[in-house]
Amino acid sequence: MLTFFLIGFLVHLVFFASIFDIYFTSPLVHGTTPHRVPHLPPAKRLVLFVADGLRADTFFELDTNEQTRSPFLRDVIKQSGSWGVSHTRVPTESRPGHVALIAGFYEDVSAVAKGWKENPVEFDSVFNESRHTWCWGSPDILPMFAKGASGDHVYTHMYPPEKEDFAAEDASRLDTWVFNEVKNFFQYAKSNETLSNKMKADQVVYFLHLLGLDTNGHAHRPKSSEYKENIRTVDKGIQEVVSVIEDFYENDKKTAFIYTSDHGMTEWGSHGAGHPSETLTPLVAWGAGINGPQPSSNQQFHDNFLQEWKLSDMRRLDVNQADIAPLMASLIGIPFPLNSVGILPLEYLNNSDQFKAECMLTNAMQVLEQLKVKMTHKKETTLSFLFSPFKPLPPSKELDMLRKVRAFIQQHQYDKAIKLCKSLIKLGLEGLSYYHTYDRVFLGIGVVLGFLGWISYAFVLIVKFHTRLTKLISKLDKLSTGNHLPVIFIGAGVMITLFLLIQRCPWTYYIYCLLPVTVWYAVIKEFRVIQNVINLISTYPPTKSIGYSLLFILGIETMIASFFYREVLTLGLVAFAGWPLQSKLFHRNKAMSLSWIFFCLVLALFPLMPVVGRSPNITLVTGAGLLTVICTFVFFTSIKMAKQQTVETTVNKSVYVAQILIIVLSIYIVNTTHSSLALKLGVPLINQIISWATLASSFLIPLLSSTFLFQRLLSINLSLMSAYLLFSTGYEALFPLLLSCLTFVWINLEQETIQLQHMSPVPKLPQMDFAQKADTTQIRQLRLDDIRRSYFFIFFIVTAFFGTGNIASINSFDPASVYCFLTVFNPFAMGALMMWKSFSDCSFNLRHHGFAFFLFG
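Nothing here was measured: the structure is a model prediction, and the numbers come from that model.

What follows deals with the overall build of the protein. Secondary structure summary: the protein contains 33 helices and eight strands in total. Sequence separation of 24 or more characterises 79% of the internal contacts of the protein that already satisfy a separation of 6 or more. Carbon and sulfur atoms provide 64% of the accessible area of the protein, an area that totals close to 39,600 Å².

Next comes the structure, spelled out in structure tokens:
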């Protein structure tokens, strides 16, 4: 049995890894050559301001007094520049957003393994193509562009990581630090001739990363006064920096400025998913080579922002986030980043039609170069008769279209050239997507076959060893089925291996393709078992078989629907509440049945509550802790009244007393931590020490408790609850307590069902001792009712994951959950703690349901 579980773990690990190979491979193409615009660029230098975590609506909207929070930038929009909304993509995190802005491509999920910081793969960027780039800002963002740059021409100035503290009194000081450093830098350059000469060269970039808004948004929410005042601070700082830069360059009109954001933020202060508040960011551009304000009327957009922002008379120019990289490259005349998939937004450029047409041709050639390399690589690793090229843009059509573009430019028909270039770029991007996902169907089929094979194999083993359905198979049958099967499957495995070798596929492809061969061989070897199951099903009346099938499909579809609509969990829990009523359990044990109905209905309320966006309510957290203490005393009182013959030593009792005291201490830590944060005093060091100690002890203390079933479960519950309270900010603190009560009731009701069905042996739950070796000879055969138990088990696991949150959505995690442990930004530590909180919900469920499933299933 242990061997089966180990194999199962490895198989599921393979299935999990396949997700990244199929859907999240790197989009980068290596081996391309750079392309630059042949004409003189309009700007010699570019200044890029990125306000991390700035929402478009909060930036553009007017305050309650009908006044803008960004008077300088609002004046730029009205008087000297162009503006619009930059549309980001999921994941809306800082690293992917900056990569899209500066490198022009959308980050693959492989970067999550590096915390969105380091470079999982090397990539080209505007900074790399520049002559010199100076950067100021966060140590989480700047190093990845300096590390990936060729040569030594990207210079970074960063504040210490400790400054990124969500509990800081004023996070806008991060932005003030950047502005002061930039002003001091330019002041110093006036007295340093070597530095001044570098700065006065062409193709120079200045990058100011402003993290204060993101930090204030996480700590205080985007609707807070701190966040909105930070916008004013940034606007004032930009005005001062622009003045310093213009003064340094003596107003030579050769500086281009771009102001934007990497991502937005939800109302509850998080980001990562695809809500409009996260994907809509501001874009303001002005200076050399940028169009001035373009009056317009009757603009058509799917939103009503123009009216809300009082900008309906100014032309709004929306772009995709990756489009900003080619815009910056064309402004200062550097090659477009090699892996850019952005399309140059010509509406922002103030230059000749010839310059625009040449820029679009450069953009098209850069995209087509990637397509060519991608197609060549795929063609070299695919058998010629199996290779299927991208038909909408064969090489001959590509050359013909490029020839026409150049002819249009020579004939001064720039509009036609630009239009044709846009068509070329569109086809090129479609081709890149086609080759990037070329193996997706092939790999998907292999993984699905492997998954179905593993499910079938597990089913066969359950039927064979845990039911009475298996009949004796004659030696003749064994010989007749056993002679040819190995030869057939070995032959299939050899052919698949040769096929993959010829195509020079990655080693992971061998696992995905050979796994189905192995598991299906194991399944077909047990064909007689499957035949027995089919024969049994055929003995049922057709109406009964159809009814069971429909009920099975309904149960599975309900589970699937709950991944997309949490409210479905409510329907399931309400339906579960009626289980004792439709059986004889209600009449046999009314107290437990009523308790089951009560806890099911109460738990059914949680999926209807907001996942995120709620305001912290520490009172509910305190109430959950006190209820835990009360329930513990009730439990011990019930044991005493029942006069159970279980021996409790002084050591065991002291363990439970210690755990209750830790619960009380956790309540105190949560209250004092959030009170301190509200006063902007930071988190006391002693609170952090106690929080980490509580978390560590939650894994060890249960080992010291009584080994009797209910006492051990109680100890585990108290340990998990003491740590869970430290992660809670509202109603979710009540969820594990209620879930534990429900599972305790479930264990007792399942014991009643066994007695009703006259199955033996009937376990005596209070006397179960984990210190005693289990008697494997007493394990019973499975019955039809075990399918219902299995469904309950899986449904409660799903409820544990999605009952109070959405583990599948990045933006459903509230950073405030980890403030008892740390407030300085650390993606790995914070991510690990948030995942612990999510999995601890499941552990509450697995602990009780796992024991129930082991005992009765």
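This part takes up the environment of Leu695. Within the secondary structure, Leu695 sits in helix H29 (residues 685-697). In the structure, Leu695 is positioned 126 residues away from Phe821 in sequence and 9.6 Å away in space, judged by C-alpha atoms. Not counting the four nearest positions on each side in its chain, Leu695 is found in contact with Ala723, Phe727, Phe821, Leu833 and Trp836.

What follows covers the sheet that holds strand E7 (residues 280-287). Pairing is mixed in the open sheet, where eight strands are placed in the order E4-E3-E5-E1-E6-E7-E2-E8. Edge positions in the open sheet fall to strand E4 (154-158) and strand E8 (319-320), since each of these has one partner strand only. With seven bridges joining them, strand E2 (residues 81-87) and E7 adopt antiparallel strand pairing. In the strand pairing of E7, Gly81 is matched with Trp286. Running at roughly 155 degrees to strand E5 (residues 204-210), helix H7 (residues 173-189) makes contact with strand E3 (132-137), E4 and E5 of the sheet. Across the sheet, helix H10 (residues 225-248) touches strand E1 (45-51), E5, strand E6 (255-260) and E7, and the angle it forms with E6 is around 170 degrees.

Structurally, the position occupied by Thr58 is in helix H2 (residues 56-60). For Thr58, a relative accessible area of 1% corresponds to the buried category. Not counting residues within four places of it along the chain, the set of residues in contact with Thr58 comprises Arg69, Pro222, Tyr227, Lys228 and Ile231. At a separation of 3.3 Å, a polar atom in the side chain of Thr58 contacts the side chain of Asp57.

Under the 1.5 Å per step criterion, the end-to-end length of helix H17 (residues 440-466) is 38 Å for 27 residues, consistent within 8% with the ideal 39 Å. Along H17, the positions that sit buried rather than exposed are Leu443, Gly444, Gly446, Val447, Gly450, Gly453, Trp454, Ala458, Val460, Leu461 and Val463. Contacts from the buried residues of H17 go to helix H1 (2-23), helix H20 (507-525) and helix H21 (527-539).

On to the pairing of E3, then. In terms of burial, E3 is largely enclosed, as six of its six residues are buried. Here E3 shows two buried faces, one formed by His132, Trp134 and Trp136 and the other by Thr133, Cys135 and Gly137. Of the pairings in the sheet, the one linking E3 to E5 comprises five bridges and is parallel in character. Across the sheet, the residue bridging to His132 is Val204, located in E5. Where E3 meets E4, five bridges bridge the pair, whose relative direction is parallel. Following the sheet pairing, Trp136 is matched in E4 by His157.

On to the nonpolar core. Ranked by size, the top nonpolar core spans 71 residues in total, and within it Phe207 and Ile258 carry the most contacts. Tallying contributions element by element places helix H16 (residues 414-436) first for this core, with ten residues. Counting residues in each nonpolar core, the second largest holds 66 residues, with Ala604, Ile663, Leu726 and Val745 among its members.

Quick look at helix H23 (residues 567-577) now. For an α-helix the count is 3.6 residues per turn, leaving residues at separations of three or four pointing the same way. Listing the buried residues of H23 in full gives Val568, Leu569, Thr570, Gly572, Leu573, Phe576 and Ala577. Next to the buried residues of H23 lie helix H22 (542-564), helix H24 (579-582), helix H26 (590-603) and helix H32 (785-802).

Glancing now at the side chain of Glu750. Among the secondary structure elements, Glu750 is positioned in helix H31 (residues 734-756). Residue classification places Glu750 among the buried positions, given a relative accessible area of 1%. Within the local environment of Glu750, its side chain forms a polar contact with the side chain of Arg788, the two groups lying 2.5 Å apart.

Moving on, we get to the packing of H22 against H32. Two elements in contact, H22 and H32, have axes separated by 11 Å at closest approach and are oriented at 10 degrees. Here H32 runs roughly parallel to H22, going by the angle between their axes. Between H22 and H32, the contacting residues are Gly555, Ile556, Thr558, Met559, Ser562 and Phe563 on the first element and Tyr791, Ile794, Phe795, Val798 and Phe802 on the second.

This part covers the packing of aromatic side chains. Scanning the entire structure with this criterion turns up 59 aromatic pairs. Here a set of aromatic residues connected by ring pairs shows up, and it is made of Trp134, Trp136, Tyr155, Phe185, Phe186, Tyr206, Phe248 and Tyr249. Geometry around Tyr249 places Arg45 over its ring, the cationic atom sitting 3.5 Å from the centre. Over the ring of Phe792 we find Arg788, and its NZ or CZ is 5.1 Å from the ring centre.

Right, let's get into the confidence of the model for the protein. In low-pLDDT segments, the atomic positions of the prediction should not be examined closely. With 89% of its residues at a pLDDT of 70 or more, the protein shows a mean pLDDT of 87. Of the regions scoring below 50 in pLDDT, residues 472-480 engages in three contacts with residues more than four places distant in sequence or in other chains.

Glancing now at unusual backbone geometry. Across the junction of Val90 and Pro91, the peptide omega takes the value 0 degrees, indicating a cis bond. Mapping Pro91 onto the fold places it in the loop between E2 and helix H4 (94-103). You will see that Lys310, though not glycine, has its phi angle at about 60 degrees, which is positive. Checked against the element boundaries, Lys310 lands in the loop between helix H12 (305-309) and E8.

This next bit is on the pattern of salt bridges. Per the stated rule, a full pass over the model turns up 25 salt bridges. We note a salt bridge from Glu226 to Lys680, for which the minimum N-O separation is 2.9 Å. Residue Glu226 is found in helix H10, and its partner Lys680 is found in the loop between helix H28 (650-678) and H29; the two are separated by 454 residues along the sequence. The class for Glu226 is partly exposed, based on a relative accessible area of 22%. A relative accessible area of 28% places Lys680 in the partly exposed class. Between Asp786 and Arg789 there is a salt bridge, with its nearest N and O atoms 2.8 Å apart.

Thresholds, definitions, all that
Residues numbered from 1 in each chain as written. Predicted model: local features only at pLDDT ≥ 70, side-chain atom pairs only at ≥ 80, totals over all residues. Heavy atoms only, no water. Helix = DSSP H or I, 4+ residues; strand = E, 2+ residues; numbered from the N terminus. Contact = heavy atoms within 4.5 Å. Areas by Shrake-Rupley, 256 points an atom, 1.4 Å probe, with all protein chains shown as cover. Pairing = 2+ DSSP bridges. Axes fitted to C-alpha atoms, helices over the stretch in contact; angles between N-to-C directions. Buried < 20%, exposed > 50% of the residue type's maximum accessible area, 1.4 Å probe, protein only. Polar contact = N/O pair within 3.5 Å; in protein donor to acceptor, adjacent residues only side chain to side chain. Expected span 1.5 Å × (residues − 1). Core = buried A, V, L, I, M, F, W, Y, C linked by side-chain atoms within 4.5 Å. Parallel < 35°, antiparallel > 145°, perpendicular 65-115°, else oblique. Phe/Tyr/Trp six-rings, centres within 6.5 Å; stacked < 30°, edge-to-face > 60°. Lys NZ or Arg CZ within 6 Å of the ring centre and 35° of its normal. pLDDT = per-residue confidence, 0-100. Salt bridge = Lys/Arg side-chain N within 4 Å of Asp/Glu carboxyl O.

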